[in-house]
Amino acid sequence: METISKQKIVIVGGTGFIGQGLVKNLPPDLFEIHSLSRHSFMPSKNDITIYHAVDLEKPEQWQGIIADADWVIDAVGILFPNPLKHQTYHKNSVKPAKQLIAILKQETQPKFLFISANTGPFFMKPYLKAKLTVETLAKTQLGSRAFIVYPGIVFDKDRRSSYLLGILIKKCRRLSYFDHLRSISRLEFATEIEQILLGFPSHLLKRTVTIK
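Residues numbered from 1 in each chain as written. Predicted model: local features only at pLDDT ≥ 70, side-chain atom pairs only at ≥ 80, totals over all residues. Heavy atoms only, no water.

**Details of the pattern of salt bridges**
Applying the stated criterion to the full structure yields 6 salt bridges. With its nearest N and O atoms 2.7 Å apart, the salt bridge here joins Asp68 to Lys8. Here the residue Asp68 occupies a position in the loop between helix H2 (63–66) and strand E4 (71–74), and Lys8 occupies one in strand E1 (residues 7–12), the gap between them amounting to 60 residues. With relative accessibility at 44%, the residue Asp68 sits in the partly exposed group. For the salt bridge of Arg186 with Asp158, the shortest nitrogen-to-oxygen distance reads 2.9 Å. (Salt bridge = Lys/Arg side-chain N within 4 Å of Asp/Glu carboxyl O. Helix = DSSP H or I, 4+ residues; strand = E, 2+ residues; numbered from the N terminus. Buried < 20%, exposed > 50% of the residue type's maximum accessible area, 1.4 Å probe, protein only.)

Below, the structure written as structure tokens:
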């Protein structure tokens, strides 16, 4: 029987809410998954993901990890800024992506998958602007190696604050406004990402609204 070669997937921000959703749901028989994050992480008993604690501002710590990867997935970022923690969209979302893209430009193999957003309510405009900044940079610097996905609210029972809202929006998706918000469960999101990694189409690769 012919052995299927696994793809090497590096998830930057693999210990976060979105990253862990991918770690838990991407099939290990198809993917060798690596996680890059700032802090060490204690995986669950059956988690065979390879975790790396690195500083993204020090490429020498992680460039060798992504150099031979098939895909690098950017799952880093914040939903809302927090002045008390000195968190801003530029510092916590845009800057890490710029650092990744700069190193990926030096490599030839890895494809880059950026998790953007389809749209959001008016008060999320700064969040969407930060996403657009990264999208433009990725497309300009990496060309056809850059892939952008446009989910809405990603929800899961592990995060109650998003779960109830996500379910509500999904039930109202027959209304165009709520449909554009693209509420999606973490499992469904991971399934769509898997399709993209394997070279298949996904509706998340297209934004359904124009963001300015």
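**Structural notes on the packing of aromatic side chains**
One pass over the structure, following the stated rule, counts 5 aromatic pairs. Between Phe122 and Phe123 the ring centres are 5.6 Å apart and the planes differ by 85°, which places this aromatic pair in the edge-to-face class. With relative accessibility at 48%, the residue Phe123 sits in the partly exposed group. The ring centre of Phe17 lies 4.1 Å from the NZ or CZ of Arg159, which sits over that ring. (Phe/Tyr/Trp six-rings, centres within 6.5 Å; stacked < 30°, edge-to-face > 60°. Lys NZ or Arg CZ within 6 Å of the ring centre and 35° of its normal.)

**Some points on the side chain of Arg186**
Relative to the helices and strands, Arg186 resides in helix H7 (residues 186–197). In this structure the side chain of Arg186 is engaged in a polar contact, spanning 3.4 Å, whose partner is the side chain of Asp156. Not counting chain neighbours up to four residues away, the residues in contact with Arg186 comprise Phe17, Gln20, Gly21, Lys24, Asn25, Val154, Phe155, Asp156 and Asp158. (Polar contact = N/O pair within 3.5 Å; in protein donor to acceptor, adjacent residues only side chain to side chain. Contact = heavy atoms within 4.5 Å.)

**Focus on a nonpolar patch on the surface**
On the surface, Leu79, Phe80, Phe122 and Phe123 cluster together into a nonpolar patch covering about 500 Å² of accessible area. Checked against the element boundaries, Phe123 lands in the loop between strand E5 (111–115) and helix H4 (125–142). (Patch = residues over 30% accessible without salt bridge, like charges linked within 9 Å, V, L, I, M, F, W, Y side chains within 5 Å. Areas by Shrake-Rupley, 256 points an atom, 1.4 Å probe, with all protein chains shown as cover.)

**Here's the deal with the side chain of Gln20**
In this structure, Gln20 sits in helix H1 (residues 17–25). Residues in contact with Gln20, not counting those within four places in the same chain, are Gly14, Thr15, Phe41, Tyr51 and Arg186.

**Let's talk about the packing of H1 against H7**
Where H1 contacts H7, the two axes come as close as 9 Å, and the packing angle between them is 70°. As judged from the angle between their axes, H1 and H7 are roughly perpendicular. With respect to the hand of their crossing, H1 and H7 are arranged in right-handed fashion. Across the interface between the two elements, Phe17, Ile18, Gln20, Gly21, Leu22, Lys24 and Asn25 of H1 pack against Arg186, Leu187, Phe189, Ala190 and Ile193 of H7. Partitioning the contact of H1 with H7 into residue classes produces 7 nonpolar, 3 polar and 2 charged. (Axes fitted to C-alpha atoms, helices over the stretch in contact; angles between N-to-C directions. Parallel < 35°, antiparallel > 145°, perpendicular 65-115°, else oblique. Left-handed = near helix turned anticlockwise from the far one by under 90°. Nonpolar A, V, L, I, M, F, W, Y, C, P; charged D, E, K, R; others polar.)

**Concerning the nonpolar core**
Residues Val10, Val12, Leu36, Trp62, Ile66, Val72 and Phe112 are the most contacted members of the largest nonpolar core, which totals 32 residues. Of all the secondary-structure elements, those providing two or more residues to this core are E1, H2, helix H3 (89–106), E5, H4 and strand E6 (146–149). For this core, the leading source of residues is H3, giving 7 residues. Those residues in contact with Val12, other than ones at most four positions away along the chain, are Leu36, Leu56, Val72, Ile73, Asp74, Ala75, Val76 and Leu100. Core analysis: the second largest hydrophobic core is formed by 24 residues, Ile33, Ala75, Val149 and Ile196 among them. (Core = buried A, V, L, I, M, F, W, Y, C linked by side-chain atoms within 4.5 Å.)

**Description of unusual backbone geometry**
For His86, which is not a glycine, the phi torsion comes out positive at approximately 60°. As for its placement among the helices and strands, His86 is situated in the loop between E4 and H3. Classification of His86 by relative accessible area gives exposed; the value is 57%.

**What to know about H7**
The terminal C-alpha atoms of H7 lie 16 Å apart, and with 12 residues this matches the ideal 16 Å at 1.5 Å per residue to within 8%. Here H7 has its buried residues at Arg186, Phe189, Ala190, Glu192, Ile193, Glu194, Ile196 and Leu197. Gly199 occupies a position one or two residues after H7 and carries a positive phi of about 90°. (Expected span 1.5 Å × (residues − 1).)

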